[in-house]
Amino acid sequence: MNDKLRKEVIFISVVVVILIASAVLNVFLISNISNSVSQNNGAIPVGAEVIHVVGHQWAWTFIYPNGTSSVNALTVPVNRNIALVVNSSDVIHDLYIPEMDVQVYAVPGMNNTVVFDPTHTGSFYFECVEYCGEYHYRMTGTLQVVSA
Amino acid sequence: MGFFFTFMVELSVVLSLIALLIFFVFYFLYHRKSEIEDAADAAGYESPKQYMRDTLGERPRVLSISAFLNDDAKSIGIRYIVASLFFFFIAGTFGLTMRLSLTVPTPSLLSAQEYNVLLTEHATLMIYMWAVGSAIGFAYYLLPSHLKLKHDSRGVYASSGFWFWFMGGLMILYSRTAARWYLYPPLALQLSASGGGIDNWLAVIGLEAVFFGLMITSINVILIIWKDRDPAIKWSQMSMFAWSILFTAIMIVASAPPLMVGLSMLFYDFFNPIFFTGATHEVLLFAILFWFWGHPIVYVAVIPYFGLIYEIIPKFTNKPIYSYGSGIFGLGLLLILSEFVWGHHLLNSGLGLAWVLFYTTASFAVVVPSAITVFNYVASLWSAEKIRLTTPMLFAINGIMDFVIGGVTGVMQSNQGINQLVHGTYFVTGHFHFIFMGITTGISFAAFYMLFPTLSGGRTYNVRLARLHFYFTAFGSLLMAMAWTVGGLIGMPRAVAGYLPVFQPYQDASILGGLIIGIGQLIFLYNIATSWLKEPSLSLENALEYKGDEAYNAGGVPVPNPIAAEELENNAGGA
């Protein structure tokens, strides 16, 4: 093995080791947060508050377990599993709540489920991040986390 | 009277169009014939055909109207270079206008509709007409001299590829589509101004034409490299650029057909919605078909420029690149692995855990060939005794650094936790603008500067203005893309005509960056225009094609066509 090739092999081995470590870390992370990865008809943990979300041009409608609904405003209790079942009535949208690390596509004909657990109260914004037509940029709203 | 008058006007228009056509065909055939005969005469050949076979592609080719009349590889290359620059400035103006419209949180300069049209056009034209177009241009222009072509027999076929591509671009421009470059149904099927755009169907036809042209071109380029090159040049002696173009063409041929099928299904849906919307639909199916092409296309847009960097570096270090073998290995591995990662564009779409696990893991693997390539560049620069920082070299070094930033921000997104946080935000926009501004755009300009003495017929550009162009482009794109990347980390959504006031500072910084880039391109235009008015003073041979005494090509192959050292200095773009 000549000198050049040895140097290259050493460099690439270091990169490969770092990448394998990152990939293994990623797999463990996914298995830990598997509930928060958007999945069609995904599992809903026992005792979770199930909120149905419908994306449409150009607003979000949230339907709570007690039958009431709200537009572009979501209120959830703190320290409780919240399951969002997201659907769309027209085109593809994408509900994104940065503070909660929640991102889920709203696809017509699919019931994408994510679960999150807000640990502190406050007011956070959410957005649509899948381009959906003229007033795409207005599909924002506020998430209120209140004490139960 | 009224009818007669209208009739006469129409008749005269039709007759003049026919006359124009006849004149064009005559001029086309006559001009081509006489030019070839003249050249054969000058070289002492009796038969023009023999002359074509023996010497075509080895002589420098000047940019002139004949490039649009002849159908040999170099002429088509010039056509692609000119057309891609044309679309670059159109799409660049769209991008800058979008920036200016975002000075305040609510849409100001543009309405939301207009913003969405510019957003779509900027993306589509930049990727298909600029990134891919200029790569094909350099391929057609450089391959004849790199490979000493002995045949060039598919001229009309190759030319039709160009015209399909060009007409497709014009159709996309004219359609004023607002469905974004990935045309997700059902939005793309909403033929209204507030949905996908009234004439979005035209964009679908235009894209299909672009793909048709790209397929013709790719097959032709593969044949040029495989069959037409001088038999004396072995596979192991081909220039790195030829290798990178070969991989690119294979990638286009392998990945484009699924989307071509998908586009025709989408077009059928305009009349009878059965595939992606309606009763028996599957909405995400089109997204899957799209990204099967949509991810390889971003590698199609960088691999040719990786090859060009391999060609540029040895010219200014007077040394072969560090490792020819691992350079080819890196680009080839990139070709294979990049076909396995397209699913990472749909990680949050509800396709499930198995999908996420496979595509995040595969996305980590694609870093290995990128790292091999970057190490090769760095080692080539590291082992050089002297690096001449000419304008093309500055662009090349800046491109490598931008690629490192863009690559690291890219691999971060292979982690699902981070992906959920940044998918759909400006973080992604920043990530690929680092690469597209640094590698695609920067290296295109580098190659253009190196070819300038040939293209302009022996003229020299103003080196100081070229440097200014470089600094404006490099700093502007760094500022713009960095502001997006940082803003995206706190959740700034992309593709929006307006935004929440909390993101104001990041938008302002990126507007400043965009303006700096815009000024840089005006300097470039001014420099080219004034240089073209000067008297020719140089030989027609440029450093990228015709190597000087001590310059190597990427394979370290010896020097067939020596030109004087100081002339190389001038022709390579200043000290």
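Values in this document were obtained by computation on a predicted structure and should not be read as measured data.

1. Here's the deal with the domain arrangement of chain B
Residues and elements named next belong to chain B.
- Each assigned domain of chain B is listed here: domain 1 (65-300) and domain 2 (302-325 + 381-575).
- Each side of the interface is counted separately: domain 1 has 45 residues, and domain 2 has 49 residues.
- Considering only the side of domain 1, the residues that lose the most area to domain 2 are Arg-99, Pro-105 and Met-240, jointly responsible for 19% of the buried surface there.
- Summed over the shared surface of domain 1 and domain 2, the result is one salt bridge.
- Salt-bridge contacts for Glu-545 lead to Lys-74; the nearest nitrogen and oxygen are separated by 2.5 Å.
- Those elements that place two or more of their residues in the side of domain 1 that touches domain 2 are α3 (73-101), α4 (112-147), α7 (240-271) and α8 (283-300).
- With 14 residues, the single largest contributor to the side of domain 1 that touches domain 2 is α4.

2. Things to note about the confidence of the model for chain B
Residue and element names in this part refer to chain B.
- For chain B, per-residue confidence averages 87 on the pLDDT scale, and residues scoring 70 or more make up 92% of the total.
- Confidence, read as mean pLDDT per element, is least for helix α18 (residues 565-571) in chain B (44) and greatest for helix α17 (residues 504-533) (95).
- Scoring the predicted complex yields pTM 0.89 and, for the interface, ipTM 0.93.

3. Some remarks on the packing of α7(B) against helix α9 (residues 303-317) of chain B
All names here are of chain B.
- Packing of α7 against α9 brings their axes to within 8 Å, and their N-to-C directions diverge by 175°. Relative to α9, the element α7 is oriented roughly antiparallel. Residue-level contacts link Met-240, Phe-241, Ser-244, Ile-245, Thr-248 and Met-251 of α7 to Ile-303, Pro-304, Gly-307, Leu-308, Tyr-310 and Glu-311 of α9.
- Broken down by class, the residue content of the contact of α7 with α9 amounts to eight nonpolar, three polar and one charged.

4. Considering empty space enclosed by the protein
All names here are of chain B.
- Under the criterion given, the structure shown has five cavities of 30 Å³ or more.
- If you add up the space inside the largest cavity, you get close to 100 Å³.
- Contributing to the lining of the largest cavity are 13 residues, with Ile-136, Ile-245, Thr-248, Ala-249 and Ile-252 lying nearest its centre.
- Of the residues assigned to the lining of the largest cavity, the class counts are 10 nonpolar, three polar and no charged.

5. Quick look at the interface of chain B and chain A
- Each partner contributes to the interface: chain B provides 63 residues, whereas chain A provides 50 residues.
- With both chains or domains summed, chain B and chain A bury close to 4,500 Å², and 63% of this area falls on carbon and sulfur atoms.
- Area buried by chain B at its contact with chain A is led by B:Tyr322, B:Phe364 and B:Gln420, which between them contribute 15% of it.
- One can count zero salt bridges joining chain B with chain A.
- Along the contact surface separating chain B from chain A lie 25 residue pairs in polar contact (both at pLDDT 80 or more).
- Contributions of two or more residues to the side of chain B that touches chain A are made by α4, α8, α11 (353-365), α12 (367-382) and α14 (416-422) of chain B.
- In terms of residue class, the side of chain B that touches chain A is made up of 34 nonpolar, 27 polar and two charged.

6. Brief notes about α11(B)
- For α11(B), with 13 residues, the first-to-last C-alpha span of 19 Å sits near the 18 Å given by 1.5 Å per residue.
- Buried within α11(B) are the following residues: B:Trp355, B:Val356, B:Tyr359, B:Thr360, B:Ala362, B:Ser363 and B:Phe364.
- At its buried positions, α11(B) is contacted by α1 (3-32) of chain A together with α8, α12, α13 (391-412) and α14 of chain B.

7. A look at the side chain of B:Thr473
Residue and element names in this part refer to chain B.
- The residue Thr-473 is located in helix α16 (residues 463-489) in this model.
- Polar contacts involving the side chain of Thr-473 include one to the main-chain carbonyl oxygen of His-469, which spans 2.7 Å.
- Apart from residues lying up to four places away in sequence, Thr-473 is in contact with Phe-395, Met-437, Ile-517 and Gln-521.

8. What to know about the side chain of B:Ser244
- Structurally, B:Ser244 can be placed in helix α7.
- A distance of 2.8 Å separates a polar atom in the side chain of B:Ser244 from the backbone oxygen of B:Phe241.

9. What to know about α9(B)
- Spanning 15 residues, α9(B) covers 22 Å between terminal C-alpha atoms, matching the ideal 21 Å at 1.5 Å per step.
- In terms of burial, α9(B) is largely enclosed, as 15 of its 15 residues are buried.

10. Remarks on the nonpolar core
- Grouped together as the largest cluster of nonpolar side chains are 195 residues, with contacts concentrated most on A:Trp60, A:Leu84, B:Tyr128 and B:Leu143.
- When we break this core down by domain, the ones giving at least three residues each are domain 1 (65-300) and domain 2 (302-325 + 381-575) of chain B.
- For A:Leu84, the contacting residues outside a window of four places in its chain are A:Ile51, A:Val53, A:Leu74, A:Leu95, A:Ile97, A:Val102, A:Asn112, A:Thr113, A:Val114 and A:Phe116.
- With eight residues, the next largest nonpolar core counts A:Val15, A:Leu19, B:Phe364 and B:Val368 among its residues.

11. Points about unusual backbone geometry
- The linkage connecting A:Gln57 with the following residue, A:Trp58, adopts the cis geometry, with an omega of 0°.
- Structurally, A:Trp58 is set in the loop between β2 (49-56) and β3 (59-63).
- Each neighbour pair has its own omega, and for B:Pro185 with B:Pro186 the value is 0°, a cis peptide bond.
- Checked against the element boundaries, B:Pro186 lands in the loop between α5 (155-175) and α6 (200-228).
- With phi around 55°, A:Asn79 is a residue other than glycine that occupies positive phi space.
- For B:Lys148, which is not a glycine, the phi torsion comes out positive at approximately 50°.
- Residue position: B:Lys148 is located in the loop between α4 and α5.
- For B:Lys148, a relative accessible area of 25% corresponds to the partly exposed category.

12. With respect to the pattern of salt bridges
- Counted according to the given criterion, the structure contains seven salt bridges over all chains.
- Here B:Lys315 ties to B:Glu311 by a salt bridge, and the two come within 3.7 Å at their closest N and O atoms. Taken together, the residues span about one helical turn, with B:Lys315 and B:Glu311 both in helix α9 at a distance of four residues. Grouping residues by exposure puts B:Lys315 and B:Glu311 together as buried.
- Salt bridges sharing partners connect three or more residues here, namely A:Asp3, A:Arg6 and A:Lys7.

13. A short note on the sheet that holds strand β11 (residues 141-146) of chain A
All names here are of chain A.
- Strand order in this open sheet of five strands is β5-β11-β10-β7-β8, and the pairing throughout is mixed. Looking at the sheet topology across the chains shown, the edges are occupied by β5 (73-77) and β8 (102-106). Averaged over all pairs of adjacent strands, the angle between their axes in this sheet comes to 20°, without regard to strand direction.
- Here two bridges tie strand β7 (residues 93-97) to strand β10 (residues 122-128), and the two strands are oriented antiparallel to one another. Each residue of the ladder has a partner; that of Leu-95, found in β10, is Cys-128.

What counts and how
- Residues numbered from 1 in each chain as written.
- Chains lettered and ligands numbered in written order.
- Predicted model: local features only at pLDDT ≥ 70, side-chain atom pairs only at ≥ 80, totals over all residues.
- Heavy atoms only, no water.
- Domains from an automatic or database assignment.
- Contact = heavy atoms within 4.5 Å.
- Buried area = accessible area lost by both parts, 1.4 Å probe.
- Salt bridge = Lys/Arg side-chain N within 4 Å of Asp/Glu carboxyl O.
- Helix = DSSP H or I, 4+ residues; strand = E, 2+ residues; numbered from the N terminus.
- pLDDT = per-residue confidence, 0-100.
- Axes fitted to C-alpha atoms, helices over the stretch in contact; angles between N-to-C directions.
- Parallel < 35°, antiparallel > 145°, perpendicular 65-115°, else oblique.
- Nonpolar A, V, L, I, M, F, W, Y, C, P; charged D, E, K, R; others polar.
- 1 Å grid on protein atoms, 1.4 Å probe; cavity = no way out; pocket = protein on both sides within 12 Å on 5 of 7 lines; lining within 4 Å.
- Points joined across faces, edges and corners; volume = space filled by probe spheres on them.
- Polar contact = N/O pair within 3.5 Å; in protein donor to acceptor, adjacent residues only side chain to side chain.
- Expected span 1.5 Å × (residues − 1).
- Buried < 20%, exposed > 50% of the residue type's maximum accessible area, 1.4 Å probe, protein only.
- Core = buried A, V, L, I, M, F, W, Y, C linked by side-chain atoms within 4.5 Å.
- Pairing = 2+ DSSP bridges.

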